[in-house]
Every structure is written in structure tokens, then in C-alpha cells.
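In case you want the letters, here they are:
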Amino acid sequence: MTQETGGFAAFNLNPNILAAVIATGYEEPSAIQHQSIPIIMAGHDMIGQAQTGTGKTAAFALPILHRIDPAKREPQALILAPTRELALQVATAFETYAKQMPGVTVVAVYGGAPMGPQLKAIRNGAQIVVATPGRLCDHLRRDEKVLATVNHLVLDEADEMLKLGFMDDLEVIFKALPATRQTVLFSATLPQSIRAIAERHLRDPQHVKIQTKTQTVTAIEQAHLLVHADQKTSAVLSLLEVEDFDALIMFVRTKQATLDLASALEAKGYKAAALNGDIAQNQRERVIDSLKDGRLDIVVATDVAARGLDVPRITHVFNVDMPYDPESYVHRIGRTGRAGREGRALLLVTPRERRMLQVIERVTGQKVAEVRLPDAQAVLDARIKKLTNSLSPLVADAESTHGDLLDRLTADIGCTPRALAAALLRKATNGQALTLAAIEKERPLVPNNAPRGDRPERTGDRPDRGDRERRAPIPLAEGRARCRTALGARDGIAAKNLLGAILNEGGLAREAIGRIQVRDSFSLVELPEDGLEKLLTKLKDTRVAGKQLKLRRYRED
Ligand code: AMP
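In this report, we go over the structure that sits alongside the text. Source: prediction; values computed, not measured. (Residues numbered from 1 in each chain as written. Predicted model: local features only at pLDDT ≥ 70, side-chain atom pairs only at ≥ 80, totals over all residues. Heavy atoms only, no water.)

A few words now on the pattern of salt bridges. In the structure shown here, the tally under the stated rule is 30 salt bridges. Its salt-bridge partner being Glu-529, residue Arg-553 comes within 2.7 Å of it at the nearest N-O pair. Here Arg-553, found in strand β20 (residues 552-553), pairs with Glu-529, found in the loop between β17 (523-528) and α21 (532-538); they are 24 residues apart in sequence, far enough to count as distant. In this structure Arg-553 comes out as partly exposed when scored by relative accessible area, which is 28%. For Glu-529, a relative accessible area of 34% gives the class partly exposed. Three or more residues joined by partner-sharing salt bridges are found here, namely Lys-56, Asp-156, Glu-157 and Arg-352. (Salt bridge = Lys/Arg side-chain N within 4 Å of Asp/Glu carboxyl O. Helix = DSSP H or I, 4+ residues; strand = E, 2+ residues; numbered from the N terminus. Buried < 20%, exposed > 50% of the residue type's maximum accessible area, 1.4 Å probe, protein only.)

Structure below.
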């Protein structure tokens, strides 16, 4: 165990939970986790003021998992979330942290999906139920005893739930739960309506809030880019094209992400390396020395590994993953703008993290301007500028050293100097796209495709058309079914791993497998409808990247 994971070890969580946290690659608890985990583990009621991006899900999921009894096959913890998307995200997080707890199952209950399988999973003994209030009330109407064994309740994003008009549903749910339960409420804001709920339904709650002191940031130009989580690597590659940097540090949250991003950068020819808590101290020092003297230009680091890093060459900081709190943001971007130089900091923001951006702006008292991905023209201009910069110093004396050779070659080949210069350029640029059309072809991201915000699930859990369109933009081909696994990019999964596993173990032909979409915390695969159940049974024990695939049919509505 590295020294950093000692942070999680100090909580004395069930060793199977600790092992799963370490496997996830978290190096140390975030501020909200530091404060909340001991309180929830001790069984107290709690009010936590925190928004998405602070690590709040693990702040309640880890202690709740610690408190349940895996041997009891009945619902023990209920997590309420305002939207289907958040409910799925929270359920996936629980599954990740419970990976090494045999017998623990999690069910997500939300509108738009059939009720039967949800109820069956609850009755089959899922210990953790993650639900949207509207749909849960539908279940309660069918079976009012369904929650009778729940002794831990978490209200996640309580303010959002009230905004969506779930107040009445919440009251119905409170009534259906044992009065002796533990109740934990997380909310980004604490308006009077939330305080009234806490007053009525929480017992002697402890308050947890991340202290946010105003911080000053000078000489650093800040910007943010809206991006979907699964587009971060391509966004980073596009930004690097146009940013004029000397040395750059990129911050991500997990060890795995440092490795993945560093190797993606290396594959594109950047001198990049990963820096994380698993890397031995002397090796870390070597990485930092290389960054100092220019053998490396980019370091991809976790917060822990970058502690104390002071390299004056750093002109840019990319916050590829959102920091947990504004202090950490200020700390990260302080890596640039050293010694009175100007620095530039870019923050990648996923739709759910917009609120965290607002908090950062408030705390730093500065607006973090929005930038868009560079378009093909900007990339072309930047590439030509780089080429110009690299060639122009050579022009002054190249004619005296290589002029005669040029004359001889043009004569031998029988071509014009222009033709020869063009051939040399082609060779020197190594197949790089240097026309608009070629750049457009190679770029996977369309600029200005900033994601829209998450749409809330409507009261009554009716499927939201806009939401459905956004989540499943590509209609399924005739005869195909979409299946989901909780393994995603953050488990180190790439589309080719899924394809390989399904081809090998499922005995399918390549053409039988449709589109594979790998997202951060889950993946979707299109498979033939015909014989699907049999195929899923065949793949029951399949493992990918050391983890159980657990492929299931995925219904959009
Ligand atoms: P949340 O605020 O719960 O939405 O969490 C935001 C992201 O932070 C999720 O992708 C988590 O997997 C990740 N995360 C939570 N806690 C930690 C931690 N201690 N170290 C690294 N990543 C974390």
C-alpha cells in the first residue's frame, strides 16, 4: 500500500471496501470525504453541503457500504437522486466500491424503464437501492412494505429534488421508512425548504461543509472548455495543437488516468510522462528533473504526486479532471505563472460539473472564460506557424551549406526547385495533415459541440424526450439490441477489449457486433437481438481487464 492510500486506510473501513477504493486508483480522500466518512460510519445523521465534483458520492457510498450487512438479502440502504442519470451514476459508483464484497447487489430504480425487473431486483435482496423519487413512489403504491427494512437513507442533491417538485414524493417515502433509520442529506445549497426537511426528518444531524476561503490568483489567464467525459483525450489533443506552451502539467484524478493520458500523448509524439503515487520517489524526481531540463514537456499527474512540484518552465496547467474544491484548483494552477511569468490554466468541465465551475469563480473572484475547441482552420494555422518557426532560422545560411546540393538534385531528378522543396517538406512533416480537408478528416471532434446540461427527470418520471435523444443519439439498427456493462474507460477498458472478449467468448462473427461506445463509467455494445439471452448467459463469467463484464440488456425507455 502506498503512503497516500494511508489516507483511506485511516478510516478503518471494511478491508474489502478499502481494497476496491485502492483498485479504483484514488490516492487520498477529498475534503468532503475526510469529514463525512467518519460521521456516517458512526451512524449519525448528517447534512453535507457539497456539489458534484467534490467526491460526494464516495463520501456517502463508502461508509454506507461499511454499515450494511452483506449476509442479509434485503434492502438496507436507499439513495434518492433527482435524475435518472445521477441515479445510474450513483449505482455504478456503489457497484465499483462493492466489487470485492461478495453478495452485495445494487439496483437502480428510475422512470422510463419497466417496473417489473426493478421490483424483482429489490425483492431478490439487493441491499442498495438507488432511486428517483417519482418511480420509487410508484413502487410504494404497489407494495408499501418494499422499504420496510431500509435503515440508511441518503438524499443526494436534495435541492435539485425540490426544484423538480419531488417534495410530496419525499414525504411519502419518509413515511414508508423505519423511523429509526440513519438519514444523510447532501445538497449544494441549503435554502429554507431544505432546512425544514432536515428539521422534520433528521435527528440531531452533524453539519459538514467544505470551507471556501477567498483566494487570489494573479498573472494566470484562466479558461474553461465544456466537454463530455469521454471526449476529454481528444479535446486535450486539439487544445495542445493551438496552445503555445513550453512545459505543461495536466491534472487528473486517478493513477490509471495519468497512465492512459500520458500514453495517448506519447502516441501523438509529445514528450509526456505520468506522475502518480505508485511511482517510486526516485523515479518521480527523475520525471520532474526531465520536465525541468526539457527532456519532457508534459507531465500528467494526480494532486498527490504533484505536491511540491515547482518547475519555472511550466507555462500551462490543464485541469483535465475537475479538482475537488476551489483551494485545490488554486493550488493546481499556481504551478504556472511562477517567478512572475505569465501562465495559462485550462479547465475541462463536464455538464454535471458546471456548478463547481461557478463555485471556483466565486471563490477566486474571477470569471473563468469559456473557450471552444479550435476549428480546423485554427489547427492548420497553428501547424503552419510551428513549421514556419522551425524553418525560418535555417533559411539564413542553408543556401550556403546546401545550395549546391539543391542545384545538383534538381538537375539529377529533373525537377524544379519548387517541386524539390515540396518533396522535402512532405518528408519533414512526416505525413502530418496540412490542408483544411485533411485536418477535418483526422479530427474526431467537431468544434463548438459543447455538451448541453443534463436534463432533469421530470416529476412523475416520464421519460424526457430531450434526455433520451441526447443519451441515445444513434438509433439501433434493425435486429440489434443495446447492452450495457458497468465497465468503462475508468476501468481501463477500450472498445477493442470489449470487442475481443465478446468475439472470443461469445463465438460471434465480427459483423454481428454493432457500435461499441465506451464511456467513463460504463459502456454500451450493440448485439444481435436474435439469440441475445443465450449469448448473455454465455458471457456470464467473462472478464475484461480483470473485471467481470456483467453485460445486460439496456433499455432506453
Ligand atoms: P462526485 O463528486 O461524487 O460526482 O465525484 C466526482 C468524481 O471524482 C468521480 O469520477 C469519482 O470517481 C472521483 N473521485 C471521488 N473520490 C475520489 C478520490 N478520493 N480520489 C480520486 N477520485 C475520486
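With that settled, the discussion passes to a nonpolar patch on the surface. On the surface, Leu-391, Leu-394 and Leu-425 cluster together to form a nonpolar patch covering roughly 250 Å² of accessible area. The topology assignment puts Leu-425 in helix α17 (residues 417-428). The partly exposed category is assigned to Leu-425, whose relative accessible area is 38%. (Patch = residues over 30% accessible without salt bridge, like charges linked within 9 Å, V, L, I, M, F, W, Y side chains within 5 Å. Areas by Shrake-Rupley, 256 points an atom, 1.4 Å probe, with all protein chains shown as cover.)

The next subject is unusual backbone geometry. In the Ramachandran plot, Asn-12 falls in the positive-phi region, its phi being about 60° despite a non-glycine side chain. Its place among the elements puts Asn-12 in the loop between α1 (6-9) and α2 (15-24). You can call Asn-12 exposed: its relative accessible area is 61%. Within the chain, Glu-157 stands out as a residue other than glycine whose phi angle is a positive 55°.

Our focus in this paragraph is the sheet that holds strand β7 (residues 206-209). Spatial strand order, β3-β4-β2-β5-β6-β1-β7: seven strands in an open sheet with parallel pairing. Each edge of the open sheet carries a strand with a single partner, namely β3 (106-109) and β7. Strand-to-strand twist of the sheet, defined as the mean angle between neighbouring strand axes without regard to direction, takes the value 15°. One ladder, built from four bridges, connects strand β2 (residues 77-80) with strand β5 (residues 152-155); its direction is parallel. In the sheet register, Ala-77 faces β5, and the bridge partner there is His-152. (Pairing = 2+ DSSP bridges. Axes fitted to C-alpha atoms, helices over the stretch in contact; angles between N-to-C directions.)

You can see His-316 is positioned in strand β12 (residues 314-319). Residue class for His-316 comes out buried when judged on its relative accessible area of 4%. At 2.9 Å, the side chain of His-316 and the side chain of Glu-243 are in polar contact. Setting aside chain neighbours within four positions, we find His-316 in contact with Glu-243, Asp-244, Phe-245, Ala-247, Leu-248, Ile-249, Thr-336 and Arg-344. (Polar contact = N/O pair within 3.5 Å; in protein donor to acceptor, adjacent residues only side chain to side chain. Contact = heavy atoms within 4.5 Å.)

Another aspect to go through is the site of the ligand. Neighbouring the ligand are 15 residues, the closest being Tyr-26, Gly-53, Thr-57, Arg-253 and Tyr-324. Contacts to the ligand include Glu-28, whose backbone N or O atom sits 2.9 Å from a nitrogen atom. In the environment of the ligand, an oxygen atom lies 3.3 Å from a nitrogen or oxygen atom belonging to the backbone of Lys-56. For the ligand, the accessible surface in isolation is 490 Å², of which the surrounding protein chains cover 86%. The class makeup of the residues in the shell around the ligand is four nonpolar, seven polar and four charged. (Near = heavy atom within 4 Å. Nonpolar A, V, L, I, M, F, W, Y, C, P; charged D, E, K, R; others polar.)

In this section: the packing of aromatic side chains. Applying the stated criterion across every chain yields a total of five aromatic pairs. Ring geometry for Phe-8 versus Tyr-26: centroids 6.4 Å apart, planes at 35°, classification tilted. In this pair, Phe-8 is assigned in helix α1 and Tyr-26 in the loop between α2 and α3 (31-41), connecting sequence segments 18 residues apart. Residue class for Tyr-26 comes out buried when judged on its relative accessible area of 18%. Relative to Phe-186, the ring of Phe-60 has its centre 5.6 Å away and its plane inclined at 45°; by these criteria the two rings are tilted. In this pair, Phe-60 sits in helix α4 (residues 56-67) while Phe-186 sits in strand β6 (residues 182-187), placing the two residues 126 residues apart along the sequence. The class for Phe-60 is buried, based on a relative accessible area of 0%. Aromatic rings pair up to connect Phe-8, Phe-11, Tyr-26 and Tyr-97 into one cluster. (Phe/Tyr/Trp six-rings, centres within 6.5 Å; stacked < 30°, edge-to-face > 60°.)

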